[in-house]
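Spelled out, the chains give:
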Amino acid sequence: MDDVGETNSLSELLGTSKVPELTSSSSQAYLSYLTTLPLHNLLSEPSLLQTQSHHLTSSLTSLTHTSYPTFISLHDTTTALSTSLDSLSTSLDSLISDSLPALEDSASNWRQRTETVLGERRKARVVLEQHDKIRDLLDIPLLIDTCVRNGFFSEALSLASHATSLYSSSPAPPLILTSIITEVRHSITQMLFSLLGTLHEPNRKLPALWKAVNFLRKMEAFDFEEGVFPEEQIALAFITGREACLKSSLEGFSRDINRLVGMPSTDTAAKEDLAASLKKYIETWREGVNDIISHYTTIFLERPASTSAPASKAVTPSLQPLLATYASHALQRHLLPLLRNTLPHIPLSSLSTIHDRLAHCATAFARVGLDFRGVLGDVCSHAVLRSVQDEMREVTANFVALLKQKTGRPTSSQLRNSTPPSEWAITASAAASPPKSSAPSKSLHVPPHVLASYPPVARYTNALLSLFNDFRKVASVAIASTLRAELDSCLAEAGEALLRYVKNVVGQSDAEARIGEALGMVFFAVFMPFVRRAFGEGLYQVKQDYTAVEGEDTLLSKTIREWEGWLETYTGG
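In short, a report on the structure. (Residues numbered from 1 in each chain as written. Predicted model: local features only at pLDDT ≥ 70, side-chain atom pairs only at ≥ 80, totals over all residues. Heavy atoms only, no water.)

1. Let's talk about unusual backbone geometry
Working step 1: Positioned with a positive phi, N203 is a non-glycine residue whose angle comes to about 65°.
Working step 2: Turning to its location among the elements, N203 is positioned in the loop between α6 (175-199) and α7 (206-219).
Working step 3: Phi at Q541 is positive, roughly 55°, even though this residue is not glycine.
Working step 4: Locating Q541 in the fold gives a position in the loop between α15 (510-540) and α16 (555-572).
Working step 5: Among the residues examined, Q541 registers a relative accessible area of 60% and is labelled exposed. (Helix = DSSP H or I, 4+ residues; strand = E, 2+ residues; numbered from the N terminus. Buried < 20%, exposed > 50% of the residue type's maximum accessible area, 1.4 Å probe, protein only.)

2. Topic: the packing of aromatic side chains
We describe a pair of aromatic rings using the distance from one ring centre to the other and the angle between the two ring planes.
Working step 1: Overall, the coordinates contain 21 aromatic pairs when judged by the stated rule.
Working step 2: Connected via pairs of aromatic rings, a cluster forms that spans F399, Y460, F523, F524, F527, W563, W566 and Y570.
Working step 3: Cation over ring: R185 sits above Y167, and NZ or CZ is 5.7 Å from the ring centre. (Phe/Tyr/Trp six-rings, centres within 6.5 Å; stacked < 30°, edge-to-face > 60°. Lys NZ or Arg CZ within 6 Å of the ring centre and 35° of its normal.)

3. Here we look at the packing of helix α13 (residues 455-472) against helix α14 (residues 480-505)
Working step 1: Between α13 and α14, the shortest axis-to-axis distance is 14 Å and the interhelical angle comes to 170°. Here α13 lies roughly antiparallel to α14, going by the angle between them. Seen from α13, the contacting residues are Y460, F468 and F471; seen from α14, they are L483, L487, C490, L491 and A494. (Axes fitted to C-alpha atoms, helices over the stretch in contact; angles between N-to-C directions. Parallel < 35°, antiparallel > 145°, perpendicular 65-115°, else oblique. Contact = heavy atoms within 4.5 Å.)

4. With respect to the environment of A425
Working step 1: Inspection of the secondary structure assignment puts A425 in the loop between α12 (373-407) and α13.
Working step 2: On the basis of relative accessible area, A425 is assigned to the buried category, the value being 1%.
Working step 3: Taking the C-alpha atoms as reference points, A425 and I515, separated by 90 residues in sequence, lie 8.3 Å from one another.
Working step 4: When residues no more than four places from it in sequence are discounted, the contact partners of A425 are S453, Y454, P455, P456 and L519.

5. Digging into α7
Working step 1: Compared with an ideal rise of 1.5 Å per residue, which puts 14 residues at 20 Å, α7 spans 20 Å between its outermost C-alpha atoms and is within 8% of the ideal.
Working step 2: For α7, the set of buried residues is L209, A212, V213, F215, L216, R217 and M219.
Working step 3: Buried residues along α7 sit against α5 (153-169), α6, α8 (230-261) and α9 (268-301).
Working step 4: Positive phi appears at E220, one or two residues downstream of α7, with a value of about 55°. (Expected span 1.5 Å × (residues − 1).)

6. As for the pattern of salt bridges
Working step 1: Taken as a whole and assessed by the stated rule, the structure comprises nine salt bridges.
Working step 2: One salt bridge connects R533 with E537, and the closest N-O pair in it is separated by 3.1 Å. Highlighted residues: R533 and E537, both in helix α15, separated by four residues, approximately one helical turn.
Working step 3: Of the residues examined, E537 reaches a relative accessible area of 14% and is grouped as buried. (Salt bridge = Lys/Arg side-chain N within 4 Å of Asp/Glu carboxyl O.)

7. A closer look at the side chain of R532
Working step 1: Its location among the elements puts R532 in helix α15.
Working step 2: On the basis of relative accessibility, which here comes to 4%, the residue R532 falls in the buried class.

8. So, the side chain of S418
Working step 1: Structurally, S418 is set in the loop between α12 and α13.
Working step 2: Side-chain polar atoms of S418 contact the backbone oxygen of T407, separated by 2.3 Å.
Working step 3: Filtering out sequence-adjacent residues up to four positions away, S418 remains in contact with K406, T407, G408, N504, V505 and Q508. (Polar contact = N/O pair within 3.5 Å; in protein donor to acceptor, adjacent residues only side chain to side chain.)

See below:
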């Protein structure tokens, strides 16, 4: 028990020693080992230790001599390793403190510098991925232009509607879509111009006009403005276009007519050309206006009713008055002014044909509500009045000029210059016994036979009867009294000229005096009543005594009284 106590004290004593070699774990283990040895072993332990020490020393010495290059290399390597580790530590410190922050800053700056490029690349990638769709969008304006040029308006509207829906569906449309929709609207505007141009093209038939108007309705290019419906605006555009075509087709005839009207009235060929040009003008006007009215009625007034149609597209009440207004405009602008200016220059022989054509035209338009027969009657009556008056005066002027030529100067010294009536005023067979009267003619169409004995009077009669025959077809009651007064005035003028001639020739031989007297009696007693009856009863069925002249103050009454007074004085003397 005492040995154990001492041992523990020794072990503790050695274990608490401040000697470094005794405080290591191996030393402590060896000390613990020593405490377990018996004494004889413990006593032999120093010699064992010394032996092992010599052995280890010998081994180390041998190792040193044999492996000194290795130790030297190991030393050098260890030194280099230490230096390398120190350098590595320094480099790591520099990397952590300097290079890594600089790299981080550079990476941040690089991202900022490349963000724009990356954005453009992303856009390019998106464009590349959507290439087919973008190409289809870019082709839309070109396709619309192609469709418009080739008349495929329905396809053009479908493409435009597709582009518009794409544009409307995007809250913030991209620039390319905005550019495309601008081009599409431009193309649709060109389509609008093309359709409106169709309405201005001459010789366009109903199907083409119907198609153009329907597409104008589908385009909805006209808005409700100031109480005017889109349908009314389209109707007005239709009328304006067709009116331009009508005006263009009439311009050529109008120029020819105005040129011929300005030519001398004695040019017979010009009058015939004028009548032919006026007939063509009337026919062209009739066809043009009739086409406009019929096409307008079919397109705008005869549309089938549809309860699903929008109110803006329904037939509005003002469409019918618009047609009536245009019909009146076409009449007042194109036809009546030209008729008022031209008809008075038309020969009476051609005037009846033109009057019949105008009457037929008025009757045809009366079926569609454009009855202008009342206005036409006034215009034609005025023209007929002027034409009949002019021809009546011309015929009379020719007869008076002949009498003046045969009369010579009315002075007593030049009486022998008057041409004897036997040489020109009477036929040779009747000169010996000149007839002075004739039985009243029962027929209005057959002149008294006694007139045939006096060729100048007969020619004057035939000219007036031809004039009456031409006038018969266009005779108007409104101008009857005026023309009767004009006829009486012409007869009075002719009677005065004849009376002057007879007064000049009665001083010649008895035979010439008898012929002159007979010529005057036939003229005043036979020719005048017959012509006045042919006009009054033959044209207007007015039966009365035409030997008597109404009114004592008229020129004809004065001329007849002057003749009767001279004849009474001459025969009584």
